[in-house]
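Read off the chains here:
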Amino acid sequence: MPAKIPATVITGFLGAGKTTLIRHMLENAQGKRIALIINEFGDLGVDGDILKGCGDETCTEDDIMELSNGCICCTVADDFVPTMEKLLAREKKPDHIVIETSGLALPQPLIRAFNWPEISTQVTVDGVVTVVDGKAVSEGRFAHNVAAVDAQRKLDENLDHETPLSELFEDQIACADMIVVNKSDLLGTEASDALAKQLKSESRDGVQVVKASMGALPVDVLLGQGIGAEGDMDARHEVHHHHHDHEEGDHHAEDHQHHHDHDHDAFESFVVERGEITDATAFAEQVADVIRAHDILRLKGFAAVKGKPMRLTLQAVGPRVDTYFDKPFGGDPRLTRLVVIGQAGLDHAAISAALKL
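Just so we're clear, the structure is a prediction, and the values are computed from it rather than from any experiment.

For soluble globular proteins, nonpolar side chains are generally found buried alongside one another. Counting 28 residues, the largest nonpolar core has M25 and L217 as its most contacted members. Looking at this core, the elements that each hand over two or more residues are helix 1 (18-27), strand 2 (34-39), strand 5 (123-133), strand 6 (178-182), helix 10 (219-222), strand 8 (267-274) and strand 12 (336-343). Counting residues per element, this core draws most heavily on helix 1, at 4 residues. Counting 22 residues, the second-largest nonpolar core is a separate cluster that includes F13, V132, V137 and L165.

Right under this line is the structure:
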């Protein structure tokens, strides 16, 4: 059985910086094939064009699919599922699927669509990432241009027009597995730390809030893809390997380059190894507890379960822990190997001890 393809849902209002985040992700995909599904809204078509022009062999034009109409919940059966099936039928399957939604419809129906039998055997939900405009939220608005968000909503008659946008914002926070406070460079450290803390208190237990400037987050933090790739992990314990080689035509100012590096140095990763586990369900709960206790962003890897020939794959974003058996161990040693990713300063000893219980 081939491993399931992880799918990440990125949501947030117009202007929060989703496109910038996605563009940064594609530019730093390190050879991963990322398929992008854009949930088009009115004149958001320009986003599609920008991304189609990214000219990177990792995201060819074929890898970007648009859903024909705005509200994903009404079109799950006749739009989203066929789009996914088309993607999964390809000879060269993507390594990761990223779905961008407008934040105007809740992601729950979309997440439920992953339970469709045709899809659930091949895809797993990696997590819901909510992008917020840090500057706007700290000033008491939930979007830089509230009128533009409302106008975008009016364009789509499928959407609910009654619920105040502030409530939709609360829902975005409530269903997130990870919250990205974008434009935090415009706020300064103190204000952005305070905002991150506030959002953390308003979200589910164990949800991580990370700060970003210009949507620059290490790909392994955003997607966790390729993490736990056996073999190459020991060589790079820190998530520092993302220094950007900026080519000509770069539009970032020099001081901005400094921000990039600084942001990326704010994350680290390490590996925990242990022997077999006895109970897969109990282990998933244990992992979730450790994540909550230590503010871990992502945890990914595999476990050997006593008496089972198959390897248990495990991946977690915030409090969401996904497990499935992916392939027989065969001749490989029966061990459990987990990669832990978080903001710098993780207590390696305590986390290792807790995962080995």
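Here A344 is to be found in the loop between strand 12 and helix 13 (348-355). A344 gets classed as partly exposed once you look at its relative accessible area, which sits at 48%. Sequence spacing of A344 and S269 is 75 residues, and the spatial spacing of their C-alpha atoms is 8.4 Å.

Of all the 10 residues making up helix 1, 7 are buried; the element is thus mostly covered by neighbouring parts of the structure. Among all positions in helix 1, only K18, T19, L21, I22, H24, M25 and L26 are buried.

Here we come to unusual backbone geometry. Residues other than glycine seldom take positive phi values, yet K183 does so here, at roughly 60°. With respect to the helices, strands and loops of the structure, K183 is situated in the loop between strand 6 and helix 9 (189-202). In this structure, M214 takes a positive phi of about 55° despite not being glycine. Structurally, the position occupied by M214 is in the loop between strand 7 (208-211) and helix 10. Residue classification places M214 among the partly exposed positions, given a relative accessible area of 38%.

So, about the environment of N145. Position of N145 relative to the elements: it lies in the loop between helix 6 (134-138) and helix 7 (146-154). It is 8.2 Å that separates the C-alpha atoms of N145 and L14, two residues lying 131 residues apart in sequence. A polar contact is formed between the side chain of N145 and the backbone nitrogen of A147, at a distance of 3.2 Å. Only 3.0 Å separates the side chain of N145 from the backbone nitrogen of A148, close enough to count as a polar contact.

For the structure shown, the criterion picks out 15 salt bridges. Between E139 and R141 there is a salt bridge, and its shortest N-O distance comes to 3.3 Å. The exposure class assigned to E139 is partly exposed, which follows from its relative accessible area of 41%. Here R141 falls in the partly exposed class, since its relative accessible area comes to 31%. Here K154 ties to D150 by a salt bridge, and the two come within 3.2 Å at their closest N and O atoms. Highlighted residues: K154 and D150, both in helix 7, separated by 4 residues, approximately one helical turn. Of the residues examined, D150 reaches a relative accessible area of 24% and is grouped as partly exposed.

Taking 1.5 Å of rise per residue, the 14 residues of helix 9 would be expected to cover 20 Å, and the 20 Å separating its terminal C-alpha atoms lies within 8% of that figure. Its buried side turned inward, helix 9 meets strand 5, helix 6, helix 8 (165-174), strand 6 and strand 7.

Turning our eyes to something else, we now look at the packing of aromatic side chains. All told, the structure shown has 4 aromatic pairs when counted by the stated rule. Ring plane angle 25° and centroid distance 6.5 Å describe the contact between F13 and F169, whose orientation is recorded as stacked. Here the residue F13 occupies a position in the loop between strand 1 (5-11) and helix 1, and F169 occupies one in helix 8, the gap between them amounting to 156 residues. Given the relative accessible area of 3%, F13 is considered buried. Owing to a relative accessible area of 10%, F169 belongs among the buried residues under this scheme.

Before going further, it helps to spend a moment on the sheet that holds strand 11 (residues 320-328). One open sheet accounts for 5 strands, arranged 8-12-9-10-11; its pairing is antiparallel. Edge strands, defined here as strands with exactly one partner in the open sheet, are strand 8 and strand 11. Across this sheet, the average inter-strand angle for adjacent strands is 15°, counted without regard to direction. Looking at chain direction, strand 9 (residues 296-304) and strand 12 are connected through 6 bridges and run antiparallel. Note on strand 12: the bridge partner recorded for K300 is V339. Against the sheet, helix 12 (residues 280-294) contacts strand 8, strand 9, strand 10 (310-317), strand 11 and strand 12, and its axis sits at roughly 155° relative to strand 9. Docked against the sheet, helix 13 engages strand 8, strand 9 and strand 12, running at close to 35° with respect to strand 8.

Looking at the protein as a whole, the pLDDT averages 79, with 77% of positions reaching at least 70. When the criterion is pLDDT under 50, residues 69-74 qualifies, and its contacts beyond four places in sequence or with other chains add up to 19 contacts. Below pLDDT 50 for its whole length, residues 228-262 participates in 53 contacts with residues either more than four positions away or in separate chains.

Glancing now at the pairing of strand 1. Counting buried positions over the 7 residues of strand 1 gives 7, a clear majority of the element. Side-chain alternation along strand 1 places I5, A7, V9 and T11 on one buried face and P6, T8 and I10 on a second face that is also buried. Across 7 bridges, strand 1 lies against strand 5 in parallel orientation. In the strand pairing of strand 5, V9 is matched with V128. Bridge count for strand 1 against strand 4 (residues 96-100) is 4 bridges, and the pairing is parallel.

Cut-off values and rules
Residues numbered from 1 in each chain as written. Predicted model: local features only at pLDDT ≥ 70, side-chain atom pairs only at ≥ 80, totals over all residues. Heavy atoms only, no water. Core = buried A, V, L, I, M, F, W, Y, C linked by side-chain atoms within 4.5 Å. Buried < 20%, exposed > 50% of the residue type's maximum accessible area, 1.4 Å probe, protein only. Helix = DSSP H or I, 4+ residues; strand = E, 2+ residues; numbered from the N terminus. Polar contact = N/O pair within 3.5 Å; in protein donor to acceptor, adjacent residues only side chain to side chain. Salt bridge = Lys/Arg side-chain N within 4 Å of Asp/Glu carboxyl O. Expected span 1.5 Å × (residues − 1). Contact = heavy atoms within 4.5 Å. Phe/Tyr/Trp six-rings, centres within 6.5 Å; stacked < 30°, edge-to-face > 60°. Pairing = 2+ DSSP bridges. Axes fitted to C-alpha atoms, helices over the stretch in contact; angles between N-to-C directions. pLDDT = per-residue confidence, 0-100.

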